[in-house]
Amino acid sequence: MPDPKRTALVSGGNRGIGLEVCRQLAALGHRVLLGAREPARGEAAAASLRARGLDVTSVALDVANPDSVARLAVARPEVDILVNNAGVYLDEGRRPLELDEAVLRDTLEVNLLGAFRLCRAFVPGMAARGWGRVASVSSGMGQLADMGGGSLAYRLSKTALNALTRVLAQEVDGRHVKVNAACPGWVRTDMGGAHAPRPVEQGAETVVWLATLPEDGPTGGLFRDKRPIPW
Ligand code: NAP
């Protein structure tokens, strides 16, 4: 049992990396709110973790819907740990100049604006209470230092998520709220596909580490395998 027990919210917690982050955080003794845009899928996922003795509650959360985020912020204002995990990869294999504007918009709506909405809803409470952790699931595909071709919408969304991480970390500096981003590596999920080398346990590890950092831990960084990597 950690001291003290915190309340963690994980977006897109019903499958993939998000579900495993829920499991690991709850296994550490935290109270987990498993966010899912489809309540029945969220409840099934939460029930599977409760069956293992873990403290996990499903909550309705569509990060692309501002009203959904606002409703959750009113119902559960006590979030200490926010994991921005919900993500879409809509332009896999698409050429940048053939990218449909609607696909770019839909990608940013979830991967960037979704994270921004959740930060705006929950970080002020963390700062007011004097403790908080934000861990956003980014990607090596958003690293400017190593920017490849293709998948423009996804890359832009993750580069922007990295910028949000740095700006927000400075905004709450000195308030005992740490804001970081993680690249989970290439992980075997619906998004990563069956040939990805990493299991979800490994993909979630750095995210959970950032979500539970001690007071002397880093803020405003991008990490893979618990080590800083270039932006
Ligand atoms: P996944 O298996 O496709 O799961 C994505 C999750 O996001 C699902 O729970 C999905 O919910 C949820 N989601 C999508 N749109 C949402 C919305 N509007 N509101 C709330 N939830 C929403 O993907 P994953 O591989 O676990 O990816 C998790 C995160 O890791 C993403 O941010 C992704 O970009 C990042 N990432 C993954 C990899 C990889 O190799 N897998 C690599 C780098 C980064 P539904 O079930 O309702 O669709």
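Remember, predicted model here, so these are calculated numbers, not experimental data. For every chain, the first residue of the written sequence is number 1, and numbering continues from 1 along that sequence. Where totals are concerned, whole chains, interfaces and linings use all residues; where local detail is concerned, this predicted model gives features only for residues with pLDDT of at least 70, and gives and counts side-chain atom pairs only at 80 or more. To get the side-chain values, all heavy atoms of the structure are used, and hydrogens and water are removed first.

Visitor: I'd love a proper account of the overall build of the protein chain, names of residues and values included.
Guide: By definition, any uninterrupted DSSP run of H or I lasting at least four residues is a helix, any uninterrupted run of E lasting at least two residues is a strand, and each is numbered from the N terminus. Looking only at helices and strands, one finds six helices and eight strands in the protein chain. Written out in order from the N terminus, the α and β elements of the protein chain read β-α-β-α-β-α-β-α-β-α-β-α-β-β. Dimensions of the protein chain, computed from the C-alpha atoms along their principal axes, are close to 50 × 40 × 35 Å. Accessibility here uses a 1.4 Å probe with only protein chains present; expressed as a share of the type maximum, an area under 20% marks a residue as buried, one over 50% as exposed, and anything in between as partly exposed. Across the 231 residues that make up the protein chain, the buried fraction comes to 50%.

Visitor: Lay out the pattern of salt bridges in plain terms, naming residues and giving numbers.
Guide: Whenever Lys or Arg places a side-chain nitrogen within 4 Å of a carboxyl oxygen from Asp or Glu, that contact is recorded as a salt bridge. Counted under the stated rule, the structure contains 11 salt bridges. Taking the shortest distance from any N to any O, the salt bridge between Asp225 and Arg198 comes out at 2.8 Å. Of this pair, Asp225 sits in the loop between strand E7 (222–224) and strand E8 (227–228) while Arg198 is found in the loop between strand E6 (177–182) and helix H6 (200–211), placing the two residues 27 residues apart along the sequence. You can call Arg198 buried: its relative accessible area is 15%.

Visitor: Go over the site of the ligand with me, naming the residues and quoting the values.
Guide: Neighbouring residues are identified by heavy atoms, a residue being near a molecule or strand if any of them is within 4 Å of it. In the neighbourhood of the ligand, 29 residues make up the surrounding shell, with Arg15, Arg37, Tyr154, Val187 and Thr189 lying closest. Nitrogen and oxygen atoms within 3.5 Å of one another constitute a polar contact, given that in protein one can donate a hydrogen and the other can accept it, and given that sequence-neighbouring residues count only through two side-chain atoms. One of the side-chain N or O atoms of Asn14 is found 2.8 Å from an oxygen atom in the ligand. A distance of 2.7 Å is found between an oxygen atom of the ligand and a side-chain nitrogen or oxygen belonging to Arg15. Each accessible area value is a Shrake-Rupley result obtained with a 1.4 Å probe; residue values ignore everything except the protein chains displayed when judging cover. Relative to its unbound accessible area of 900 Å², the ligand is 95% covered by the protein chains. Comparing atom positions with the cavity grids shows the ligand to sit within the largest pocket. Going through the elements one at a time, helix H1 (16–27) and helix H5 (152–171) are the ones with two or more residues in the shell around the ligand. Split into classes, the residues belonging to the shell around the ligand amount to 13 nonpolar, 10 polar and six charged. Lining residues are those with an atom within 4 Å of a point, where the points come from a 1 Å grid over the protein atoms alone and group into cavities, where a 1.4 Å probe fits but cannot get out, or pockets, open sets with protein on both sides within 12 Å along at least five of seven lines. To qualify as sitting in a cavity or pocket, a molecule needs more than half of its atoms within 2 Å of the grid points. As a working rule, the residues Ala, Val, Leu, Ile, Met, Phe, Trp, Tyr, Cys and Pro are called nonpolar, Asp, Glu, Lys and Arg charged, and the rest polar, with Gly in that last group.

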